[in-house]
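Examination of the molecular architecture
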Amino acid sequence: MSRIQARFEMLRQSKRKALIPYITAGDPTPALTVPLMRALVEAGADILELGVPFSDPMADGPVIQRSGERALKQGVGLRDVLGLVRDFRRGDTQTPLVLMGYANPIEAMGVETFVREAGAAGVDGVIVVDYPPEECAQFTELARRAGIDPIFLLAPTSTERRIQEVARIGSGYLYYVSLRGVTGAAHIDLADVAAHLPKIRAVTRLPIGVGFGIRDAESARRVAQAADAVVIGSRIIQEIEEAGAGQAVARVKTLLRPIREALDA
Amino acid sequence: MRIHDLPDARGHFGPYGGVFVAETLTHALEQLLAAYQQARRDPAFEAEFRYDLKHYVGRPSPVYHAKRWSQVLGGAQIYLKREDLNHTGAHKINNTIGQALLARRMGKSRVIAETGAGMHGVAAATVAARYGMQCVVYMGSEDIQRQAQNVYRMKLLGATVVPVESGSRTLKDALNEAMRDWVTHIDATFYILGTVAGPHPYPMMVRDFQSVIGEECKQQMPELAGRQPDAVIACVGGGSNAMGIFYPYIEVEGVRLIGVEAAGEGLASGRHAASLCAGKPGVLHGNRTYLLQDANGQILETHSVSAGLDYPGVGPEHAWLKDAGRAEYVAVTDVDALRAFSDLCHYEGIIPALESAHAVAYAAQIAPGMPKDRILLVNLSGRGDKDMQTVAERAGLKL
């Protein structure tokens, strides 16, 4: 059983929902990435999503774009991100870790090299935003063999055929993008989440994470009524951006704790 | 499968092309493909398209034998396909008319576009005015500075020009931003992509709309020159004018297809935009193709004197034609393009766009070494009025 599966199994038994924060590796500085990851775990994160900076993040809104730009200015590439994962794993062998990013940095490293090194570094899952199922059969197979869960996105516009396909080749969890737009948009459509999740559950037993547009304890709590996991990215990065390097670690803890409490209430 | 039957059902040209987008865009692209396929089978759509190409754009554009300049060069005969004479001054309008008609069929009231130099933005704003649609054009803030006149043209035509401040603030970032707009406003919005790049069906669709260029040449060359050319030469940024003139010639044996990229300050300088000559395959903007990228897979900033060639990727069909050996790709520096620009002004009284001047420059390089009965057909994809500022500045003049 993978670390991600084990975590969801544990949560299911204790009737809790997963909290999945996202930060961009290298933002605000590479030195702060591991302390931020540990702070997120301390504040109640169940799984961490770590963004791999890319020069052309087509599916991301301005907040995550800027965080990627800050990381790229400091030269943070995919190999550096894997280095940060190894550093994190030295103090934490339990928390599942998912890399999220775009195809080109992976292809530039070489798909086989990437999955081998990511698996060895302690990566548990990978979300490649611009790899739809039909374009990444080889990648999915290699990832699975390296013990890495390939995690796919679903949208309100996903057809039933697409849901079935993603359920067949994906593992770990499914990531339901709760709105039409890019990451960090202001509002989540809770009615949409409530309407769509049953359609996905009819097809798969994989846990469902919901993200894009979740900003506070209240929206997280309401999403968690339907979902198995709540993903929060832009709101955390906004906090890091406003706090600056000196305060970032303390501020993300303060931000995440009430969300954890709301999920457990 | 014959080379010109591509792409396959999922938009692949050999290993290139495809649909590399987030799931949020998949459905919109499937709808677009279905609407496009249906439109192509509908004679009424074809008739509408041809009517506007004739009466609004002024097609067919002539092929012109540049006799005087050919004589000066002393070798092969150079013929120019005069896309510069189209309404709005470039080939871009062929595609924007096709896509706007499709948008109208799909009931979309709002169109968006990305633009670099502003030519595609102007062509999109033009057709939006023509068909009564709201138009938003994304343009990098760097490019807005460099192309103030085209920004004003777009505004005159009723479009909103949105400055893009992310990344390198140029064409590639404008394309990212247009995609983000599309995914956010997907119900009412049609994305008019300006080149043969992006996710399927764009590379195929834009090529099809632009193939009118090559189709006309295939008829015009026997009438004018008594036969088809020995080589067809076109500049390649994203590659839409080149695909448009190449595509009908792919099946014609003996016709060399030569794409000319921007070598900027020279391929060795690193300051260029020659993705096919100096890049390697990767994934950007929804397709797999040759890209200018660093060792970490980050996309590099490009350089060319011509803003329209300043793009770090290239249409996937060009990537395939290169690997398959059916087309050759070369690169021409800023300096050589500028020399060809002034030569064409002096010897033929034609002011070419700096983009097209790259194709002209390559013709000028190879023509002298060829016999006089050889024929080079150059796609003069646009006129140079927009480039006055740039050319004057390079000459140390202020307008």
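All of the points below concern the structure found in this document.

Here is what the cut-offs are and how they apply
Residues numbered from 1 in each chain as written. Chains lettered and ligands numbered in written order. Predicted model: local features only at pLDDT ≥ 70, side-chain atom pairs only at ≥ 80, totals over all residues. Heavy atoms only, no water. Helix = DSSP H or I, 4+ residues; strand = E, 2+ residues; numbered from the N terminus. Rg over C-alpha atoms; globule rule 2.2 N^0.38 Å. Buried < 20%, exposed > 50% of the residue type's maximum accessible area, 1.4 Å probe, protein only. Contact = heavy atoms within 4.5 Å. Lys, Arg positive; Asp, Glu negative; His and termini not counted. Charge placed at Lys NZ, Arg CZ, Asp CG, Glu CD. 1 Å grid on protein atoms, 1.4 Å probe; cavity = no way out; pocket = protein on both sides within 12 Å on 5 of 7 lines; lining within 4 Å. Points joined across faces, edges and corners; volume = space filled by probe spheres on them. Nonpolar A, V, L, I, M, F, W, Y, C, P; charged D, E, K, R; others polar. Pairing = 2+ DSSP bridges. Right-handed = clockwise from strand over helix to strand, strands pointing away. Buried area = accessible area lost by both parts, 1.4 Å probe. Salt bridge = Lys/Arg side-chain N within 4 Å of Asp/Glu carboxyl O. Polar contact = N/O pair within 3.5 Å; in protein donor to acceptor, adjacent residues only side chain to side chain. Expected span 1.5 Å × (residues − 1). Axes fitted to C-alpha atoms, helices over the stretch in contact; angles between N-to-C directions. Parallel < 35°, antiparallel > 145°, perpendicular 65-115°, else oblique. Left-handed = near helix turned anticlockwise from the far one by under 90°. Phe/Tyr/Trp six-rings, centres within 6.5 Å; stacked < 30°, edge-to-face > 60°. Lys NZ or Arg CZ within 6 Å of the ring centre and 35° of its normal.

**A few points about the overall build of chain B**
Along chain B, the regular secondary structure elements total 16 helices and 14 strands. In terms of overall dimensions, chain B is globule-like: its C-alpha atoms have a radius of gyration of 19 Å, near the 21 Å expected for 399 residues. By its C-alpha atoms, chain B is 55 × 45 × 45 Å across when sized along the principal axes. The buried share of chain B, reckoned over its 399 residues, is 66%. Within chain B, residue pairs in contact and separated by at least 24 positions form 74% of the contacts whose partners lie at least 6 positions apart. Of the charged side chains in chain B, 39 are positive and 42 negative, and the gap between their average positions amounts to 3 Å.

**Remarks on the layout of surface pockets**
All names here are of chain A. Roughly 620 Å³ of volume is contained in the largest pocket. Every residue lining the largest pocket is counted, 45 residues in all, and those nearest its centre are F54, P57, Q65, G68 and E69. For the lining of the largest pocket, the element with the highest residue contribution is helix α3 (residues 62-73), accounting for 6 residues. Residues that form the lining of the largest pocket fall into these classes: 18 nonpolar, 15 polar and 12 charged.

**Quick look at the pairing of strand β7 (residues 174-177) of chain A**
All names here are of chain A. Here β7 shows no split at all, with L174 and Y176 on one side and Y175 and V177 on the other all buried. As judged from the 2 bridges shared by strand β6 (residues 153-154) and β7, these two strands associate in the parallel manner. Considered in β7, the bridge of L154 is made with Y176. Each parallel crossover has a hand, and the one from β6 via helix α8 (residues 160-169) to β7 is right-handed. Sheet analysis places β7 next to strand β8 (residues 208-211), joined by 4 bridges and oriented parallel. Among the inter-strand pairings, Y175 is bridged to a residue of β8, identified as G209.

**Structural notes on the side chain of H196(A)**
Checked against the element boundaries, H196(A) lands in helix α9 (residues 190-201). Ignoring any residue separated from it by four or fewer positions in sequence, one finds H196(A) in contact with P156(A) and Y176(A).

**Some words on the pairing of strand β4 (residues 77-82) of chain B**
Residues and elements named next belong to chain B. Along β4, 6 of the 6 residues are buried, which leaves the element largely enclosed by surrounding structure. As judged from the 3 bridges shared by strand β3 (residues 63-65) and β4, these two strands associate in the antiparallel manner. Of the residues in β4, the one forming a bridge with Y64 is L80. Sheet analysis places β4 next to strand β14 (residues 375-380), joined by 6 bridges and oriented parallel. Note that in β14 the partner of L80 across the bridge is V378.

**Section: the interface of chain B and chain A**
Listed per partner, the contact involves 37 residues of chain B and 38 residues of chain A. Surface buried jointly by chain B and chain A totals about 3000 Å² across both partners, of which 48% is contributed by carbon and sulfur atoms. Between the two partners, chain B and chain A, sit 3 salt bridges. Between K172(B) and D56(A) there is a salt bridge; the shortest N-O distance is 3.0 Å. In this structure, the connection of chain B to chain A is made through 17 residue pairs in polar contact (both at pLDDT 80 or more). Contributions of two or more residues to the side of chain B that touches chain A are made by α1 (23-41), α8 (171-184), β11 (280-284) and β12 (287-291) of chain B.

**Considerations on the environment of A124(B)**
Inspection of the secondary structure puts A124(B) in helix α5 (residues 119-131). For the pair A124(B) and V236(B), spaced 112 residues apart in the sequence, the C-alpha separation amounts to 20 Å.

**A word on helix α4 (residues 78-91) of chain A**
Along an α-helix, residues three or four positions apart point the same way, because every turn accommodates 3.6 residues. Taking 1.5 Å per residue, 14 residues should reach 20 Å; α4(A) reaches 21 Å between its end C-alpha atoms and fits that length. Structurally, α4(A) contributes buried residues whose contacts are with α1 (3-13), α2 (30-42), β2 (48-51), β3 (97-101), α5 (103-109) and α6 (111-121) of chain A.

**Focus: the packing of helix α2 (residues 43-57) of chain B against helix α4 (residues 92-105) of chain B**
All names here are of chain B. Contact geometry for α2 and α4: axes closest at 10 Å, N-to-C directions at 140°. In this view, α2 runs oblique relative to α4, as classed from their interaxial angle. Considering how the two elements wind past one another, α2 and α4 form a crossing that is right-handed. Judged by residue contacts, F45, E48, F49, D52, L53, Y56 and V57 of α2 engage I93, N94, I97, G98, L101, L102, R104 and R105 from α4. Each residue belonging to the contact of α2 with α4 can be placed in one class, and the counts come to 9 nonpolar, 2 polar and 4 charged.

**Here we look at the packing of aromatic side chains**
Within this structure, the stated rule accounts for 13 aromatic pairs over all chains. Between the aromatic rings of Y36(B) and F209(B), the centroid separation amounts to 5.7 Å while the plane-to-plane angle is 80°, which identifies the pairing as edge-to-face. In this pair, Y36(B) sits in helix α1 while F209(B) sits in helix α9 (residues 202-210), placing the two residues 173 residues apart along the sequence. Like F209(B), Y36(B) is buried. Each residue in the set F114(A), Y131(A), F139(A) and F20(B) is aromatic and connected to the rest through ring pairs, giving one cluster. Seen from the ring of Y290(B), K322(B) lies directly overhead, with NZ or CZ sitting 5.5 Å from the centre.

This is a description of form; function is not addressed.
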